[in-house]
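Working through the structure, step by step
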Amino acid sequence: MTDVAAAAADPAASLTVRDNRTGNEYEVPIVDGTIRAADLGKIRVSDEQPGLAVYDPGFVNTASCRSSVTYIDGDQGILEYRGYPIEQLAEKSSFLEVAYLLIHGALPTKEQYDAWEHEITYHTFVHENVKGFMHGFRYDAHPMGMLMASVGALSTFYPDARNIEDPHNRHMQIVRMIAKMPTLGAWSFRHAQGKPFVYPDNELSYTENFLSMLFKMSEQKFEADERLVRALDVLFILHADHEQNCSTNAVRSVGSSQVDPYSAVAAGVGALYGPLHGGANEAVLRMLRRIGSMENIPAFIEGVKNGNERLMGFGHRVYKNYDPRAKIIKQAADDVFEVTGVNPLLKIAKELEKIALEDEYFVKRRLYPNVDFYSGLIYEAFQFPPEMFTVLFAIGRTPGWLAQWNELVQDKEQKIARPKQIYTGDRTLDFVPAAERWA
Ligand code: CMC
């Protein structure tokens, strides 16, 4: 029996609501641990007045969709993609296989994987005109701004992407976007450095090719240390999806207007850019640099507790336990530092974590390190400037955004996103023309 059928068969699975304004009672069905907000709309004082609504800034307790992509249990610190624990995927899978899993809902056969890898590899090139507009950005343009603009601009190169009803067409855009994101990300990095753009190399793996487009200079063939390639691939896996987070919600919200997926994903990149979301990894590094040395830590922690600032890379809307991704990242950091040497900021990060995990302020609020706390240190070891950190997050998150978008456009229950508001402004003022007001 499905959950829905079970709920229908169980009369106890309902909420009895008594409206004390009218004395009326209502039965509201509970399905999958939720009530329909629309059912509350039936509760009203009179036909002239609007029905009851829920007020939930930031969607703290509102489910916006049904999804089979990612499962999170924030209290237990569990994260699964399509049912597979993140720990196993990070240890045994590859980013491209995880991307396949997220998009298709199941692991690929050998033939399916080979075809997928081939498709992604052969779509990594972008139209030559993309180079032209990327060169048009200022020398100090933030790479996330460049990425957001260039992903959005891809919609003009693929006008057929508007045909979102056609599964084959959707597949093509999904492949293109996963394939081209590293090219756009790498080129925004090269632009900031004033270096020539490097074209994709189809003989390299997805992650190796990305490193080649970032760092290749005059050598014939770019070769990266395998341990670094693997560490970056794991970081991409860890970022690949995270259910209804701010940027995914942006992709879904914009996608609900039935716009093409490039425009929807550009909105996701914009949301990710912010310091409370993907921009936190950049903010963590700047924070660690500002703290600078061990003796400054106590004063910094006091500042956080006094509400003057936040301990970036700590806390999460969903995880009220250690973020499982942060645990894996700590391990990846050790592997990377074995190749690159230890980042001196690591000592400050570890001390901050130690203090925070014991301090009542953080313990009481259940604030633990999140995915961004250590990832910046790894990225810095790769010699990425902090502005690039969120671009790396965006490349990793692209399959997740697209899996969620693909689910959204096929979900018959979905509608254009359009929240309600509580109006707090003036009403029925009489307009006096400017000439009279200023006379
Ligand atoms: N440092 C200090 N205090 C904090 C922090 C922090 N990092 N995070 C939350 N708090 C406090 C907050 O002040 C509040 O205290 P009080 O109850 O006294 O007012 C309480 O904890 C609850 O915080 P909140 O802001 O209501 O929680 P939220 O669920 O709305 O915010 C968050 C979640 C991730 C935006 C927040 O924890 C935060 O700003 N963290 C720092 C930024 C960060 O690391 N973001 C990356 C998130 S993980 C990756 C991603 O999603 O991109």
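Residues numbered from 1 in each chain as written. Predicted model: local features only at pLDDT ≥ 70, side-chain atom pairs only at ≥ 80, totals over all residues. Heavy atoms only, no water.

Things to note about the side chain of Thr124
Heads up, the rule is: For helices the rule is a DSSP run of H or I covering at least 4 residues; for strands it is a run of E covering at least 2, with both sets numbered from the N terminus onward. Categorising residues by exposure relies on relative accessible area from a 1.4 Å probe, with only protein chains included: less than 20% of the type maximum marks a residue as buried, more than 50% marks it as exposed, and the intermediate range marks it as partly exposed. Two N or O atoms form a polar contact when they lie within 3.5 Å of each other; inside protein one atom must be a possible hydrogen donor and the other a possible acceptor, and for residues adjacent in sequence the pair counts only when both atoms belong to side chains.
Tracing the backbone shows Thr124 in the loop between α5 (110-121) and α6 (128-135). By relative accessible area, which is 4% here, Thr124 ends up buried. Within the structure, the side chain of Thr124 is placed 2.9 Å from the backbone oxygen of Thr121, a separation counted as a polar contact.

Side note on the nonpolar core
One recurring pattern in soluble globular proteins is that nonpolar side chains are buried together. Here is the rule we go by: Residues belong to one nonpolar core when they are buried, are Ala, Val, Leu, Ile, Met, Phe, Trp, Tyr or Cys, and are joined through side-chain atoms within 4.5 Å. When checking whether two residues touch, look at their non-hydrogen atoms; a contact exists if any pair is within 4.5 Å.
Core analysis: the largest hydrophobic core is formed by 113 residues, its most contacted members being Tyr81, Trp116, Met287, Leu311 and Leu352. Per-element accounting of this core gives the leading share, 11 residues, to helix α19 (residues 389-410). Not counting chain neighbours up to four residues away, the residues in contact with Tyr81 comprise Val69, Thr70, Ile86, Leu89, Val98, Leu101, Leu102, Ile237, Leu238, His239, Ala240 and Asp241. Core analysis: the next-biggest nonpolar cluster, separate from the first, contains 5 residues, Val17, Tyr26, Val28 and Leu40 among them.

As for the side chain of Ser256
Residue position: Ser256 is located in the loop between α11 (246-255) and α12 (261-273). With a relative accessible area of 13%, Ser256 lands in the buried category. With near-sequence residues (within four places) excluded, Ser256 lies in contact with Leu408, Lys415, Ile416 and Ala417.

Points about the site of the ligand
Condition: Here a residue is considered near a molecule or strand provided that any single heavy atom belonging to it is located within 4 Å of it. Each accessible area value is a Shrake-Rupley result obtained with a 1.4 Å probe; residue values ignore everything except the protein chains displayed when judging cover. Three classes are used: nonpolar for Ala, Val, Leu, Ile, Met, Phe, Trp, Tyr, Cys and Pro, charged for Asp, Glu, Lys and Arg, and polar for all others, with Gly counted as polar.
In the region of the ligand, 20 residues are neighbours, and His277, Arg310, Leu311, Gly313 and Arg317 sit closest. Between the ligand and Arg310 there is a distance of 2.6 Å, counted from an oxygen atom to a side-chain nitrogen or oxygen. One nitrogen or oxygen atom from the main chain of Leu311 is found 2.7 Å from a nitrogen atom belonging to the ligand. The protein chains hide 73% of the 930 Å² of surface that the ligand would expose on its own. Its residues assigned to classes, the shell around the ligand comprises 10 nonpolar, 6 polar and 4 charged.

With respect to the state of the cysteines
Quick note on the threshold: When two cysteine sulfur atoms lie within 2.5 Å, the pair is treated as a disulfide.
One pass over the full model with this rule turns up 0 disulfides. Cys246 provides the cysteine sulfur closest to Cys65, a residue in no disulfide bond, and the two sulfurs are 14 Å apart.

As for the domain arrangement of the protein
Selection rule: Throughout, the edges of the domains are those of an automatic or database domain assignment.
Taken domain by domain, the protein comprises domain 1 (3-54) and domain 2 (84-410). Summarising the inter-unit geometry, the C-alpha centres of domain 1 and domain 2 are found 41 Å apart.

What to know about the pattern of salt bridges
Any two side chains of opposite charge can pair, given that their charged atoms come close. For the record, the criterion: One side-chain nitrogen of Lys or Arg within 4 Å of one carboxyl oxygen of Asp or Glu is enough to make a salt bridge.
In total, this model carries 24 salt bridges according to the counting rule given. Lys305 is the partner of Glu302 in a salt bridge, and the nearest nitrogen-oxygen pair spans 3.6 Å. In this pair, Glu302 and Lys305 both sit in helix α14 (residues 297-305), 3 residues apart, roughly one turn of the helix. Using a relative accessible area of 38% as the deciding quantity, one classes Glu302 as partly exposed. A salt bridge links Asp323 to Arg325; its shortest N-O distance comes to 2.8 Å. Accessibility classification places Asp323 together with Arg325 in one group, the buried group. Salt bridges here are not isolated pairs; linked through shared partners, they connect Asp32, Arg36, Arg66 and Glu413.

A word on the environment of Met294
Tracing the backbone shows Met294 in the loop between α13 (280-291) and α14. A relative accessible area of 32% places Met294 in the partly exposed class. Excluding its chain neighbours within four sequence positions, the residues that come into contact with Met294 are Lys347, Ile348 and Glu351.

Points about the packing of α6 against helix α8 (residues 167-193)
Put simply, the test is: Here the axes come from fitting lines to C-alpha atoms, over the contacting stretch only for helices, and the angles between their N-to-C directions go from 0 to 180 degrees. An angle below 35 degrees is read as roughly parallel, one above 145 as roughly antiparallel, one from 65 to 115 as roughly perpendicular, and any other as oblique. Working rule for handedness: look at the near helix, and if it is turned counterclockwise from the far one by less than a right angle, call the crossing left-handed; if clockwise, right-handed.
Between α6 and α8, the shortest axis-to-axis distance is 10 Å and the interhelical angle comes to 40°. Considering their axes alone, α6 and α8 lie oblique with respect to each other. Handedness of the crossing formed by α6 with α8: right-handed. Taken together, the residues of α8 that come into contact with α6 (itself represented by Val130, Lys131, Met134 and His135) are Leu184, Trp187, Ser188 and His191.

Remarks on helix α10 (residues 226-239)
Each α-helix turn comprises 3.6 residues. Residues three or four places apart therefore point the same way. Applied cut-off: A helix's residues, less one, multiplied by 1.5 Å, set its expected span.
Between its terminal C-alpha atoms α10 stretches 20 Å, which fits the 20 Å expected from 14 residues at 1.5 Å a residue. Of all 14 residues in α10, 11 are buried, a share of seventy percent or more. Restricting attention to buried positions, one finds in α10 the residues Leu228, Val229, Ala231, Leu232, Asp233, Val234, Leu235, Phe236, Ile237, Leu238 and His239. The residue sitting at the N-terminus of α10 and contributing the capping side-chain oxygen is Asp225; that oxygen lies 2.8 Å from the backbone nitrogen of Arg227.

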